[in-house]
Amino acid sequence: MGVITLPGEPEVEVTLRRSARARRLSLRVSGVDGRVTLTMPRFAPEREARSFAAEKAGWIRDRLAEQAPYTLAEVGAIVPVEGVARRIERAQVRRITLADQALQLPQGATRVPARLGAFLREMARERLSEASARHAATLGRPFGKITLRDTRSRWGSCSHEGNLMYSWRLILAPPEVLDYVAAHEVAHLAHMDHSARFWAACGRLCPGYEAPRRWLRREGAALHRYGFKG
């Protein structure tokens, strides 16, 4: 695996990736961290990849310009929690504390991104468990277990066994968005499809769900631009 550097201000690094399954050259710009990857057939000459990347340089820069910068959750950074932008700062606290417009850390806290990630995952579990239980009681359908993951392809799912899965990053979104996703997945306990009956059940559990659903479609990808490893 090599790297191509496209000249300009700033320079752009393109990672080359060979794949036995690839039949043509293809480019991908990650919506999470802006990494640019050029996938090429296993035996394609590298000069073709370089020519292709140079030809698509304008397209690559346009895609990068559309993205918000990747933000590591460290002291001084601003991350959204429950839809509110909060600055990560040290304070005279004994444990991580959620303030009005801040995430406060003990003075000696280390491994800040990982610790904040664990704090937010636990917070997400509490909020999603409460919302799921509330909606399930309204629907009159029990659910199994709740699992949290860091999924990029979906915000939640409901298995045929009645188990619920959610992306923990929903805690970064406004509360009504988290509540809508919980209502959506709980509604699947009664209707394992997206039929009119399903949407009617979703509407009973979460009146006005159309607005948070639109928010998630419009803003959801940006929730993956915050890093909690390190």
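Reading the values: the criteria
- Residues numbered from 1 in each chain as written.
- Predicted model: local features only at pLDDT ≥ 70, side-chain atom pairs only at ≥ 80, totals over all residues.
- Heavy atoms only, no water.
- Helix = DSSP H or I, 4+ residues; strand = E, 2+ residues; numbered from the N terminus.
- Expected span 1.5 Å × (residues − 1).
- Buried < 20%, exposed > 50% of the residue type's maximum accessible area, 1.4 Å probe, protein only.
- Phe/Tyr/Trp six-rings, centres within 6.5 Å; stacked < 30°, edge-to-face > 60°.

Undergrad: Sorry, what's going on with helix 4 (residues 175-187) here?
TA: For an α-helix, 3.6 residues make a turn, and residues three or four places apart therefore share a direction. With 13 residues, helix 4 extends 18 Å between its outermost C-alpha atoms, agreeing within 8% with the 18 Å of an ideal straight helix rising 1.5 Å per residue. Counting buried positions over the 13 residues of helix 4 gives 11, a clear majority of the element. Taken together, the buried positions of helix 4 are Val 177, Leu 178, Asp 179, Tyr 180, Val 181, Ala 182, Ala 183, His 184, Glu 185, Val 186 and Ala 187.

Undergrad: Can you help me understand unusual backbone geometry in this one?
TA: With the exception of glycine, the majority of residues adopt a negative phi angle, and the majority of peptide bonds are in the trans configuration. Even without being a glycine, Glu 82 presents a positive backbone phi close to 50 degrees. Within the element layout of this structure, Glu 82 appears in the loop between strand 6 (78-81) and strand 7 (84-91). Although it is not a glycine, Arg 111 sits at a positive phi angle of roughly 45 degrees. Mapped onto the elements, Arg 111 comes out in the loop between strand 9 (102-106) and helix 3 (112-139). Arg 111 sits in the exposed class, given a relative accessible area of 57%.

Undergrad: Just to check I follow, could you spell out the packing of aromatic side chains for this structure?
TA: We describe a pair of aromatic rings using the distance from one ring centre to the other and the angle between the two ring planes. Counted under the stated rule, the structure contains four aromatic pairs. The interplanar angle of 15 degrees and the centroid separation of 6.0 Å between the aromatic rings of Tyr 180 and Tyr 209 together place this pair among those described as stacked. Highlighted residues: Tyr 180 in helix 4 and Tyr 209 in the loop between helix 5 (196-205) and helix 6 (210-219), separated in sequence by 29 residues. Tyr 209 matches Tyr 180 in its accessibility class, with the two residues each being buried. For the pair Phe 198 and Trp 199, a centre-to-centre distance of 4.9 Å together with 75 degrees between the ring planes defines the contact as edge-to-face. The pair formed by Phe 198 and Trp 199 is uniform in burial state, with each residue classed as buried.

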